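# Summary of structural features
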Amino acid sequence: MNQNGDNNYYNHDYGHNPYYQQQPPIQPPQMPAGGPRDKGGGHFLLGLLVGVVITAMVGSCTYVGVKLYLMASEQSARTISSGGDAADVLVGDETVKKLEALEEVIEEYYYQEEDIDKEAMIDGLYSGLVDSLGDPYSVYYNEEEWQDLMQTTEGIYYGIGAYLSLDPATGLARIAGVIPDTPAEEAGLRENDIIYMVDEEQIQGLELSEIVSKVKGEEGTKVHLTIYREGESDYLEIDVTRKKIESPTVNYEIYDNGVGYIQIREFDEVTTDQFTEALAVVKGSDAKGLILDLRGNPGGSLPVVVDIARSILPKGLIVYTEDKYGEREEYSCDGRNELKIPLVVLVNGNSASASEILAGAIKDYGKGTLIGTTTFGKGIVQRVLPLTDGTALKLTVSSYFTPKGNNIHGTGIEPDIELELDAEKYYEDGVDNQLERAKEEINKMIK
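Note that this is a predicted model, so its numbers are computed, not measured. (Residues numbered from 1 in each chain as written. Predicted model: local features only at pLDDT ≥ 70, side-chain atom pairs only at ≥ 80, totals over all residues. Heavy atoms only, no water.)

## Description of the pairing of strand β16 (residues 328–333)
One ladder, built from six bridges, connects strand β15 (residues 316–323) with β16; its direction is antiparallel. In the strand pairing of β16, Thr-321 is matched with Glu-329. Taking the residues that link successive antiparallel strands as the turn, the β15-β16 hairpin has four residues, and the phi of Gly-326 there is positive, at about 80°. (Pairing = 2+ DSSP bridges. Helix = DSSP H or I, 4+ residues; strand = E, 2+ residues; numbered from the N terminus.)

## Here we look at a negative patch on the surface
A cluster of acidic residues, Asp-199, Glu-200, Asp-234, Glu-237 and Asp-239, forms a negative patch on the protein surface. Relative to the helices and strands, Asp-234 resides in the loop between β8 (222–228) and β9 (236–241). According to the relative accessible area criterion, Asp-234 is partly exposed, its value standing at 47%. (Patch = residues over 30% accessible without salt bridge, like charges linked within 9 Å, V, L, I, M, F, W, Y side chains within 5 Å. Areas by Shrake-Rupley, 256 points an atom, 1.4 Å probe, with all protein chains shown as cover. Salt bridge = Lys/Arg side-chain N within 4 Å of Asp/Glu carboxyl O. Lys, Arg positive; Asp, Glu negative; His and termini not counted. Charge placed at Lys NZ, Arg CZ, Asp CG, Glu CD. Buried < 20%, exposed > 50% of the residue type's maximum accessible area, 1.4 Å probe, protein only.)

## A short note on the pattern of salt bridges
Opposite charge on two side chains makes pairing possible when the charged atoms of those side chains draw close. Tallied over the full model, the rule gives 15 salt bridges. Ionic pairing is found between Lys-214 and Glu-201, a salt bridge with its closest N-O pair at 3.2 Å. Note that Lys-214 is positioned in helix α6 (residues 208–215) and Glu-201 in strand β7 (residues 201–202), a separation of 13 residues in sequence. Judged by relative accessible area, Lys-214 falls into the partly exposed class, the value being 29%. Looking at Glu-201, the relative accessible area reads 42%, which means it is partly exposed. A salt bridge links Glu-436 to Lys-439, with the nearest nitrogen and oxygen atoms 3.6 Å apart. Separated by three residues within a single helix, Glu-436 and Lys-439 lie in helix α11 (residues 433–446), roughly one turn from each other.

## Things to note about the nonpolar core
Counting residues in each nonpolar core, the largest one holds 39 residues, and the members touching the most others are Ile-262, Ile-264, Phe-267, Phe-275, Leu-292, Leu-294 and Leu-358. Counting only elements with at least two residues in this core, the list comes to β12 (259–264), α7 (271–284), β13 (289–293), α8 (302–309), β15, β16, β17 (343–347) and α9 (354–364). Ignoring any residue separated from it by four or fewer positions in sequence, one finds Leu-292 in contact with Ile-262, Ile-264, Phe-275, Ile-312, Leu-343, Val-344, Val-345, Leu-346, Leu-358 and Ile-362. (Core = buried A, V, L, I, M, F, W, Y, C linked by side-chain atoms within 4.5 Å. Contact = heavy atoms within 4.5 Å.)

Quick look at the structure:
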């Protein structure tokens, strides 16, 4: 699925989106206060796959190897032997001795020897190191997880066809969007459904990547989801059959009145070409206006969203980032492809990360009217660092700012026209009141 789909959310974000108050606190019936690995609120999205997270993609990744790790270990040992503070050293003689002691005790006394998995224990060490940062967007990927992540960024994966993020109020997975004509839609899953259990196993407190891996699976197999849906008196028990998902990240349409509609589901490697095709069709039809739908978009690749912004914005700054050293990197537009027709942008609380970069720039330049609800509020950037042993590290490396210097992390972007989705009408009659309002507003601009 994408952490924040079955695949990601990794937003590359894969993703996605923990944090802050875009959604009201949810109190499902008999919802437990904690879980076996309850780490508290504030866990997303994007980013696995997700979404999760704006990620500097593989082409721009920095490769770090095992050799570098060994050099760091040797340096730590030298620090200890030269009288340095052992408490400041991560990998030193004392740490190694304690790990060896713990391993010996587990082997000697743990009551179910068949459950001892050395590879899982080693992965746990690396994951625990990254988890200790307390940053829901920084993640260690073992070799299998890393391969899954690469697959999902190409728009193909095996799952149910839903985008996932971590719900900040409950620490559970929230369905951020459902891909049309997929098993998720056929089974009746809806955006904002909360996944309480997967195959009757509680998932509260798990990382989003762990939840995604439980939902994904071999083609033709079934996954049983226990769902909390607002307005329902009890949990919903839903079986979904997994299949190969080849999800287009861009959908488009030309309405009878000559207005174009483009929906961007996430910003993956395939998105630039898909958006270029959609925009060419819109322009080729002499469209009088454009509705850009970013609702439920958990984010994705920074280079991709910048490329798309260059197809819309006037000359100037698109976004800039600042790292821990105060170093600033700017992404700009030459304005040669600036959109010349009226523009309306649809956003909601599941619009995060890369989608907020695009929406924020459009708002700062006054290039279009934003309609919907306040966006998620993810104003930080992750970089994926592949390691030479086939594993990888996704690490938060900087904050990003809109052209006017706004950092929206934890606050989001307020729309120009606030309008909640009428979910009852949408699911009963298929009436999308936010989209209808967008059509009304763009008709005013045309006239």
